[in-house]
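Commentary on secondary and tertiary structure
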Amino acid sequence: MIWYPYQQLKTMADPYLITDAQGVYLHTPDRKLIDSVSSWWSVIHGYKHPELNRAIIGQVEKFSHVMLGGLTHQPALRLAEKLRQFLPGDLDHPFFSDSGSVAVEVALKMALQYYMNRGESQRTLILALEHAYHGDTFKTMEAGDDEDYHFVLQAYGPSPHVVHIPTTIPALEEAFRRYHHQFNCLLVEPLLQGAGGMRMYDVAFLHRARELCDQYDVLLIFDEVATGFGRTGHRFVADLVLPDILVLGKALTGGYIGHAATVANQKVFDGFYDDSPHHALMHGPTFMGNALACCAALKSIELFETQDYMAKIRRIEAITRREMAGFSHPLVKEVRILGGCVCLEVHDARSLAGYQQFAYERGVFSRPFLNCLYAMVPYIITEEELVTVLTTMKDWFART
Ligand SMILES: *Cc1c(COP(=O)(O)O)cnc(C)c1O
């Protein structure tokens, strides 16, 4: 049998079989479901988008993939140039890889080696956040703070290479006071911590983080795998506070093909760019810069820019605030809304048991996790469809 993700295969409910998908809809053999999760937050333009389809088909007819070792190609060169224009500041140097986890690994490797290349071998510590999620590979589990991985803690003990703090300025200042000479980076999911429970925090924390990173010469890494491309109501949180390394994934290709980018600024890039072969970045995923993924990403960014996606996201946020205004229920601890993300946090995760099937019967696909009933819809959703998603969430509580 297939290993399905994050689940006890023996007791899990059967997954829904998808036979077709178009716009915001997933088709099962007997129903049409609005995807309120955008296939793990990535399908921002919806499914079977004619222009994205054409972009990929056009490239398939030339070549689907060639490696970037010793070779290059126009889709990768054009995407690098597009990202250079599209991203803020001097985030000009993308390293491509095939998933968000790998892209975070690359960012952490860059941060460590940046200082090793300068002979600062004591900078082995990562500063990260409580409840952080940065992926499922070993170093990202270590930098993350996810209860699901406590078996790793049991096996190896707490990591001596990571310091975790809450998202408060005093905790941030204290960590820098104690460890600043050992930190190579501060790694954060900016403004919105997704898989750790849809936790939202203030931009003042990030401004202070930038100041402290400058003061102590520590690299600031934004993992915008989830928040990038408008999800928080900003194109990138990096538009508000500029990191040294920006990690993009998920929506980078409009959710069409797994691909990611670790984008370094000039300072980080210059820390590797010299005559010593020992100062090179030793990383090279087989499918980095895949031509189909690059073509999908180029078209996705073009749609994002030319069809004023930021206005679509503001509209989603406004409708969500309107529909959630005045909503409360004893089972619900808090309603949180930021850009294209809404989360109803419940006191007890058990009060969400059965929601997925309830939503299915109302034509909505949802996948609650932890204490979170949330939606991150495709940006092309209509008002009526969005209201259906939000009403389904509220009705679940009204029924009990
Ligand atoms: C999803 C996610 C990742 C991991 O991306 P994959 O493509 O699943 O490896 C990393 N960081 C954040 C913030 C994410 O939301």
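Residues numbered from 1 in each chain as written. Predicted model: local features only at pLDDT ≥ 70, side-chain atom pairs only at ≥ 80, totals over all residues. Heavy atoms only, no water.

1. Regarding the sheet that holds strand β15 (residues 364–365)
In a beta sheet, neighbouring strands are held together by backbone hydrogen bonds and run either parallel or antiparallel to one another. Pairing within the open sheet is mixed, and its 4 strands lie in the order β1-β2-β3-β15. At either end of the open sheet lies a strand with only one pairing partner, and these are β1 (20–22) and β15. Pairing of strand β3 (residues 32–35) with β15, which is carried by 2 bridges, proceeds in the parallel orientation. Bridge pairing links aspartate 35 to phenylalanine 365 in β15. (Pairing = 2+ DSSP bridges. Helix = DSSP H or I, 4+ residues; strand = E, 2+ residues; numbered from the N terminus.)

2. What about the layout of surface pockets?
Roughly 540 Å³ of volume is contained in the second largest pocket. In terms of lining residues, the second largest pocket is bounded by 23 residues, among which His93, Pro94, Phe95, Phe269 and Leu281 are the most central. Ranked by the residues each element gives to the lining of the second largest pocket, the list is headed by strand β4 (residues 91–97), at 5 residues. Tallied by class, residues from the lining of the second largest pocket come to 16 nonpolar, 5 polar and 2 charged. (1 Å grid on protein atoms, 1.4 Å probe; cavity = no way out; pocket = protein on both sides within 12 Å on 5 of 7 lines; lining within 4 Å. Points joined across faces, edges and corners; volume = space filled by probe spheres on them. Nonpolar A, V, L, I, M, F, W, Y, C, P; charged D, E, K, R; others polar.)

3. Thoughts on the site of the ligand
Around the ligand, the neighbouring residues are Trp41, Ser99, Gly100, Ser101, Tyr133, His134, Gly135, Glu189, Asp223, Val225, Ala226 and Lys250. With respect to the ligand, the backbone of glycine 100 contributes an N or O atom lying 2.8 Å from an oxygen atom. Here lysine 250 contributes a side-chain N or O atom positioned 2.5 Å from an oxygen atom of the ligand. For the ligand, whose accessible area on its own is 380 Å², the fraction buried by protein is 83%. Residues of the shell around the ligand, tallied by class, amount to 4 nonpolar, 5 polar and 3 charged. (Near = heavy atom within 4 Å. Polar contact = N/O pair within 3.5 Å; in protein donor to acceptor, adjacent residues only side chain to side chain. Areas by Shrake-Rupley, 256 points an atom, 1.4 Å probe, with all protein chains shown as cover.)

4. Remarks on the packing of aromatic side chains
Taken as a whole and assessed by the stated rule, the structure comprises 23 aromatic pairs. An angle of 85° between the planes, with centres 5.6 Å apart, marks the rings of phenylalanine 86 and phenylalanine 236 as edge-to-face. Of this pair, phenylalanine 86 sits in helix α3 (residues 74–86) while phenylalanine 236 sits in the loop between β10 (219–223) and β11 (245–248), and the two are 150 residues apart along the sequence. Judged on exposure class, the residue phenylalanine 86 and its partner phenylalanine 236 are both buried. A centroid spacing of 5.5 Å and a plane angle of 80° characterise the contact between phenylalanine 369 and tyrosine 374, whose relative ring orientation is edge-to-face. Residue class for tyrosine 374 comes out buried when judged on its relative accessible area of 2%. Of note, lysine 32 hangs over the ring of tyrosine 25, and the distance from its end group to the ring centre comes to 4.3 Å. (Phe/Tyr/Trp six-rings, centres within 6.5 Å; stacked < 30°, edge-to-face > 60°. Buried < 20%, exposed > 50% of the residue type's maximum accessible area, 1.4 Å probe, protein only. Lys NZ or Arg CZ within 6 Å of the ring centre and 35° of its normal.)

5. Remarks on the side chain of arginine 123
Along the chain, the position of arginine 123 falls in the loop between α4 (100–117) and β5 (125–129). Looking at arginine 123, its side chain comes within polar contact range of the main-chain oxygen of tyrosine 216, at 3.3 Å. For arginine 123, the residues in contact, after removing those within four places along its chain, are Leu112, Tyr115, His180, His181, Gln182, Phe183, Asn184, Tyr216, Asp217 and Val218. (Contact = heavy atoms within 4.5 Å.)

6. What to know about empty space enclosed by the protein
Taken as a whole, this structure holds 1 cavity of 30 Å³ or more when the rule is applied. Of the voids in this model, the largest cavity is the one considered here, and its volume is about 50 Å³. Ile316, Thr320, Gly339, Gly340, Cys341, Val342, Ala375, Met376, Val377 and Leu386 together form the lining of the largest cavity. Those elements that place two or more of their residues in the lining of the largest cavity are α11 (309–324) and β14 (341–346).

7. Regarding the sheet that holds β14
One open sheet holds the 3 strands; their spatial order is β13-β14-β16, and the pairing between them is antiparallel. The sheet terminates laterally at β13 (332–338) and β16 (372–375), the two strands that pair on one side only. For this sheet, the mean inter-axis angle between neighbouring strands, taken without regard to orientation, is 15°. Looking at chain direction, β14 and β16 are connected through 4 bridges and run antiparallel. Within β16, the residue paired with valine 342 across the bridge is alanine 375. Contacting β13 and β14, α11 crosses the sheet at an angle of about 155° to β13. (Axes fitted to C-alpha atoms, helices over the stretch in contact; angles between N-to-C directions.)

8. Examining the packing of helix α7 (residues 169–179) against helix α8 (residues 203–216)
Between two packed helices, the angle of one axis relative to the other and the distance separating the axes together describe the packing. Interhelical geometry of α7 versus α8 gives an angle of 15° and a closest axis separation of 10 Å. By the angle class used here, α7 and α8 are roughly parallel. With respect to the hand of their crossing, α7 and α8 are arranged in right-handed fashion. In this structure, α7 uses Ile169, Leu172, Glu173 and Phe176 to contact α8, whose residues at the interface are Ala204, Phe205, Arg208, Ala209, Leu212, Cys213 and Tyr216. Looking at the contact of α7 with α8 residue by residue, the class counts come to 9 nonpolar, no polar and 2 charged. (Parallel < 35°, antiparallel > 145°, perpendicular 65-115°, else oblique. Left-handed = near helix turned anticlockwise from the far one by under 90°.)

9. With respect to the domain arrangement of the protein
The domains assigned to the protein are domain 1 (20–49 + 308–398) and domain 2 (51–306). Of note, the centres of domain 1 and domain 2, computed from C-alpha atoms alone, are 27 Å apart. Contacts between domain 1 and domain 2 engage 29 residues on the former and 30 residues on the latter. Buried surface at the junction of domain 1 and domain 2, summed over both partners, amounts to about 2400 Å²; 65% is from carbon and sulfur atoms. Of all residues in domain 1, the largest losses of buried area upon contact with domain 2 belong to Trp41, His49 and Leu338, amounting jointly to 28% of the total for that side. In this structure, the connection of domain 1 to domain 2 is made through 0 salt bridges. Counting across the domain 1 and domain 2 interface gives 14 residue pairs in polar contact (both at pLDDT 80 or more). When its residues are assigned to classes, the side of domain 1 that touches domain 2 shows 19 nonpolar, 7 polar and 3 charged. (Domains from an automatic or database assignment. Buried area = accessible area lost by both parts, 1.4 Å probe. Salt bridge = Lys/Arg side-chain N within 4 Å of Asp/Glu carboxyl O.)

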